[in-house]
Every structure is written in structure tokens, then in C-alpha cells.
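A closer look at the structure
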Amino acid sequence: MKNRRKNREAFAQHSYWQSYSDMMAALLLIFILIIAITLAIYKQKTTALEKTQLALDQAKEQLNLTMEDLERSKAEIEKSNEELASSLAELQQAYEQAALTQEELNKAYLEIENARNELTVTKNELQDIVGVRTDIIGALQSAFNNSSMKVDAQTGSITFSSDVLFRYNSATLTADSRKTLKEIIPMYLDVLLQDQFRGYIAEIIIEGHTDTDGGYRSNMELSYERANAVADFCLDKKNGLSETKIEQLQQILTVNGKSWSSPIYKSGTSGEVDMAASRRVEIKFRLKEDEMIEKISGILSRE
């Protein structure tokens, strides 16, 4: 009985350690499996993490590139905004300049229109003035129609030969010349001093001229003294002019001595002086608007 019990105990003891070994082996196997599985999972996770990290790095790089593109786009947009603002400013300035230019253009049109109107008025005035000169010359020619004295058709002047009025180298009027002047002077001056024309007359001029014989200064004195002798005759109320006409004449009368500065040349010759014709006394008139006539005539002739 004892041997059986010992054998059973021995067997039982052996069965316990065997079970423990099997269990430990199983546990070890399970542990190894767990480790293997863990390692596999770790490796898988590590691989996935590396891929994720790689993808993340790529995404980060792409993001950086995108950010750079965004910054460039932002800079370009800011530059475009600046250019747009500059263009808008230039456009506004151009608009203001255009408005100013239009205003200046309108002002220029107005000035041109005013100038055109003034020119029209001036033309009319010029025509009136030219008409007055024509009327005066026509009235003078009519007054001297039956006289031996001829009125210059261009200037309206009359000319006396010094040989008729004076003796040689003298400035004293001869008796015969006084008769001639008494006939001619009142007719001439009455026309110029009548109410119709008097307001247009700026000056009545008596000019003495000599021939080229002798010195300039001595001839200047002689020509002036002769012109002045005719002027004195005109201002003497005994010679045909009324006191009113004499007073009017005194306000506009001018006496000049021209010596031989304006000789008369013989026609058909090359500069030969006509000595007899050069010795003369001229009476002529100047209109108040003569200078304006010359200027305006020059302007109108260019149109």
C-alpha cells in the first residue's frame, strides 16, 4: 500500500512539474507571440509613422511652397494695387486737366470770337476812315475843279512852285503870289475845316522844299522861312479865312522846312533832279487815324 502511495505521489509530483513546464512553455510561447505581434505591430506602426512623417514633410514642403507662392501673389497684388492707385490718380489728374483744358479752350474760343468781333468793328472803322479820306480828296478836287491848281489824287495835297511865290533866294511873298494864295488857300482850308471833316483832321502841314543847289543848312533855313511865310499868310484874316477858321487852323497847323531832302527827279532820267520842280511849298493834311490805317491795312492785306 505504501509503495502504491509513493508511486502515486511520485507520479503526481512528476505530473505537476510537467504541467508547470508546459504552462511555462505555453506562456513563453504566448510571450514570444505577443512580442512578435508587438514587434510586427510596432514595425507596422513605425513604417506607417515614417510614411506619415514623410507625407507630413512633403505636405509641409508643399505648404512652404504654397506660402511662398502666396507671398509672391500677395506682393504682386500689392504692386497691382499700387499701380491701380497710381493709374487712378493719373486718370483723375488727366480728367481734371481735361476739364481745365476744356475751360481754357472755351475761354480761347470766347477770346477768338471777341477778337473777330473787334476785327469786324475795326474793318468797318477802317472803311469809314478810308471813306473819309476819299471824301475829303473828292471834295477838294470838286472845289478846285475850275482852278489851275491840281489836287494830288492820292494824298490830297496841293503844291506851289517857289519860283511863282518868291524871288530867287528870298522868303518874301511877291504881290502876284499873294493874289494866287488868296484865291487858293481859302478854298483848300475851307474844305478841310468844314464841320464834316474837321474832327478827322489831325494836322495841316505846310512844307518848304528847295533844290539841291547850296548847303543843306542854308537851304533848311530858306525852306522853313518860305513855308512859314505861307503859314503867316494863311493866318492873316485879311486873306480870306474867318477868325473861327483861323483859330481852328492854329490848333492843328505845322510848319516844316525840308531843305533839299525830298527832291523831285525828272521823269525818264536816271536820278537827274528837276531843280525847278524841287523848289516848292506843299500844303497837305494828316488824318488822326493815319498810323492806325497803315497798321490795319498791313494786317488786312495779309488775310
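First things first, this report covers the structure right here in the doc.

Conventions we followed
Residues numbered from 1 in each chain as written. Predicted model: local features only at pLDDT ≥ 70, side-chain atom pairs only at ≥ 80, totals over all residues. Heavy atoms only, no water. Pairing = 2+ DSSP bridges. Helix = DSSP H or I, 4+ residues; strand = E, 2+ residues; numbered from the N terminus. Axes fitted to C-alpha atoms, helices over the stretch in contact; angles between N-to-C directions. Salt bridge = Lys/Arg side-chain N within 4 Å of Asp/Glu carboxyl O. Buried < 20%, exposed > 50% of the residue type's maximum accessible area, 1.4 Å probe, protein only. Phe/Tyr/Trp six-rings, centres within 6.5 Å; stacked < 30°, edge-to-face > 60°. Contact = heavy atoms within 4.5 Å. Expected span 1.5 Å × (residues − 1).

**Focus on the sheet that holds strand 4 (residues 280-287)**
Neighbouring strands of a sheet are bound in pairs by backbone hydrogen bonds; such pairs are parallel or else antiparallel. Sheet architecture is open: 4 strands sit in the order 1-4-2-3, paired in mixed fashion. Edge positions in the sheet fall to strand 1 (158-161) and strand 3 (253-257), since each has one partner strand and no second. Averaged over all pairs of adjacent strands, the angle between strand axes in this sheet comes to 20 degrees, irrespective of strand direction. One ladder, built from 4 bridges, connects strand 1 with strand 4; its direction is antiparallel. For Phe-160, the partnering residue across the bridge sits in strand 4 and is Val-281.

**A look at the pattern of salt bridges**
Inspection of the entire model under this criterion finds 9 salt bridges. Its salt-bridge partner being Arg-198, residue Asp-195 comes within 2.8 Å of it at the nearest N-O pair. Separated by 3 residues within a single helix, Asp-195 and Arg-198 lie in helix 4 (residues 195-198), roughly one turn from each other. Residue Asp-195 is classed as exposed on the basis of its relative accessible area, which comes to 65%. On the basis of relative accessible area, Arg-198 is assigned to the partly exposed category, the value being 29%. Among the ionic pairs, Glu-282 bridges to Arg-280, the shortest N-O distance being 2.9 Å. Assessed through its relative accessible area of 5%, Arg-280 is described here as buried. One salt-bridge network, in which partners are shared between bridges, spans Asp-163, Asp-211 and Arg-279.

**Section: the packing of aromatic side chains**
Under the definition given, this model contains 2 aromatic pairs. Ring geometry for Tyr-216 against Trp-260: centres 5.1 Å apart, planes inclined by 80 degrees, an arrangement best described as edge-to-face. Within this pair, whereas Tyr-216 is found in helix 5 (residues 216-234), its partner Trp-260 is found in the loop between strand 3 and helix 7 (275-278), the two being separated by 44 residues in sequence. For Tyr-216, a relative accessible area of 35% corresponds to the partly exposed category.

**Quick notes on the environment of Ala-153**
Tracing the chain through its elements places Ala-153 in the loop between helix 1 (2-143) and strand 1. With residues up to four places along the chain from it excluded, the contact list for Ala-153 reads Ile-137 and Gln-141.

**Looking at helix 5**
Between the first and last C-alpha of helix 5 there are 27 Å, a value that for 19 residues agrees with the 27 Å anticipated at 1.5 Å per step. Inspection of helix 5 places Asn-219, Leu-222, Ser-223, Arg-226, Ala-227, Ala-229, Val-230, Ala-231, Phe-233 and Cys-234 among the buried residues, and these make up the whole buried set. Lining the buried residues of helix 5 we find helix 2 (162-165), helix 3 (175-192), strand 2 (201-209), helix 6 (243-252), strand 3 and strand 4.

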